[in-house]
Amino acid sequence: MRTRFLGFTAALLLAASGAAVPVAQAAVPAVVPAVVPAVTGPECVADGVGQVVYDSAAGLWICAGGQNDGKPITTT
């Protein structure tokens, strides 16, 4: 009898915690990244100063130097 009660209690706790996880995730507000105007690769290097480099921290290609310094690079 004790085994059934413990099994039932464990199943009830697991079901309750499993149902609570999506609710907790939905309560966290989505972080909206700041809108930064993007440039193309040719626009980045057009002034002769800018270079297209990969920013591994952000996971993006960006323009380094020149008039478009720090702007993300688009594929179009």
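Calculation notes
- Residues numbered from 1 in each chain as written.
- Predicted model: local features only at pLDDT ≥ 70, side-chain atom pairs only at ≥ 80, totals over all residues.
- Heavy atoms only, no water.
- Helix = DSSP H or I, 4+ residues; strand = E, 2+ residues; numbered from the N terminus.
- Contact = heavy atoms within 4.5 Å.
- Areas by Shrake-Rupley, 256 points an atom, 1.4 Å probe, with all protein chains shown as cover.
- Patch = residues over 30% accessible without salt bridge, like charges linked within 9 Å, V, L, I, M, F, W, Y side chains within 5 Å.
- Salt bridge = Lys/Arg side-chain N within 4 Å of Asp/Glu carboxyl O.
- Buried < 20%, exposed > 50% of the residue type's maximum accessible area, 1.4 Å probe, protein only.
- Polar contact = N/O pair within 3.5 Å; in protein donor to acceptor, adjacent residues only side chain to side chain.

### Considerations on the overall build of the chain
Link 1 in the chain: Counting its regular elements, the chain contains 2 helices and 4 strands.
Link 2 in the chain: Secondary structure elements in the chain, listed N-terminal to C-terminal, are α-β-α-β-β-β.
Link 3 in the chain: For the chain, the share of sequence-separated contacts (at least 6 apart) that also reach a separation of at least 24 residues comes to 33%.
Link 4 in the chain: Accessible area of the chain: about 6,100 Å², with a carbon and sulfur share of 68%.

### A word on a nonpolar patch on the surface
Link 1 in the chain: Together, Val45, Val52, Tyr54 and Trp61 make up a nonpolar patch on the protein surface, roughly 390 Å² of accessible area in all.
Link 2 in the chain: Within the fold, Val52 resides in strand S2 (residues 51-55).
Link 3 in the chain: You can call Val52 partly exposed: its relative accessible area is 34%.

### With respect to the side chain of Asn68
Link 1 in the chain: Mapped onto the secondary structure, Asn68 falls in the loop between strand S3 (60-64) and strand S4 (73-74).
Link 2 in the chain: Here Asn68 falls in the buried class, since its relative accessible area comes to 9%.
Link 3 in the chain: Among the polar contacts made by the side chain of Asn68, one reaches the main-chain carbonyl oxygen of Glu43 at a distance of 3.3 Å.
Link 4 in the chain: Once you skip the residues sitting within four places of it in the chain, Asn68 turns out to touch Val39, Glu43, Cys44 and Cys63.

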